[in-house]
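Residues per chain, in single letters:
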Amino acid sequence: MAFDKDAFLTALDSMSVMELNDLVKAIEEKFGVSAASMAAPAAGGAAVGGAAAAEEKTEFNVVLTEAGANKVGVIKAVRELTGLGLKEAKDLVDGAPKTVKEAMPKADAEAAVKKLVEAGAKAELK
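Treat the numbers as computed from the prediction; the structure is a model and nothing was measured.

On to the nonpolar core. Core analysis: the largest hydrophobic core is formed by 21 residues, its most contacted members being Val 62, Leu 64, Val 74, Val 78, Val 93, Val 100 and Leu 116. Mapped by element, the contributors of at least two residues to this core are strand S1 (60-66), helix H4 (71-82), helix H5 (86-94), strand S2 (98-104) and helix H6 (106-118). With five residues, H4 is the largest single contributor of residues to this core. Filtering out sequence-adjacent residues up to four positions away, Val 74 remains in contact with Leu 64, Ala 67, Val 93, Leu 116, Ala 119, Gly 120 and Ala 121.

The next subject is the sheet that holds S2. Note on sheets: strands pair through backbone hydrogen bonds, and any given pair is parallel or antiparallel. Across the sheet, which stays open at both edges, the three strands sit in the order S2-S1-S3 with antiparallel pairing between neighbours. Lying at the two open borders of the sheet, with one neighbouring strand each, are S2 and strand S3 (122-125). Strand-to-strand, the axes of this sheet are offset by a mean angle of 20°, without reference to chain direction. Across four bridges, the pairing between S1 and S3 is antiparallel. Across the sheet, the residue bridging to Val 62 is Leu 125, located in S3. Set on the sheet, H6 makes contact with S1, S2 and S3; between it and S3 the angle comes to about 170°.

Parameters at a glance
Residues numbered from 1 in each chain as written. Predicted model: local features only at pLDDT ≥ 70, side-chain atom pairs only at ≥ 80, totals over all residues. Heavy atoms only, no water. Core = buried A, V, L, I, M, F, W, Y, C linked by side-chain atoms within 4.5 Å. Buried < 20%, exposed > 50% of the residue type's maximum accessible area, 1.4 Å probe, protein only. Helix = DSSP H or I, 4+ residues; strand = E, 2+ residues; numbered from the N terminus. Contact = heavy atoms within 4.5 Å. Pairing = 2+ DSSP bridges. Axes fitted to C-alpha atoms, helices over the stretch in contact; angles between N-to-C directions.

Read these as layout, nothing more, since geometry by itself doesn't imply function.
As structure tokens, this is what we get:
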């Protein structure tokens, strides 16, 4: 037997609010889903759970929090990431905590932090 979508929609159209409510509950039980979890994002982006309601951040700043013991390696990493000259990179590293790069995509920012940490610095995303 083929599913007749038009007949189904016509049947839904003729149902009362209470009948529709019962139908939704039956579908939730039968398929183990929740209509509330699907309705929340559609309602203007306000998601269930508080923290999820905040819009996901798309741009990150890489902040050098501490130069560490291997200052020369950190200066080289900063020069590679920023394209700064030797003096500018040294001044940035000496002035830690400083922002190294701003408004980077998450993947690039994480890679930059990893490079700085591997060079011996302490860095973080903000």
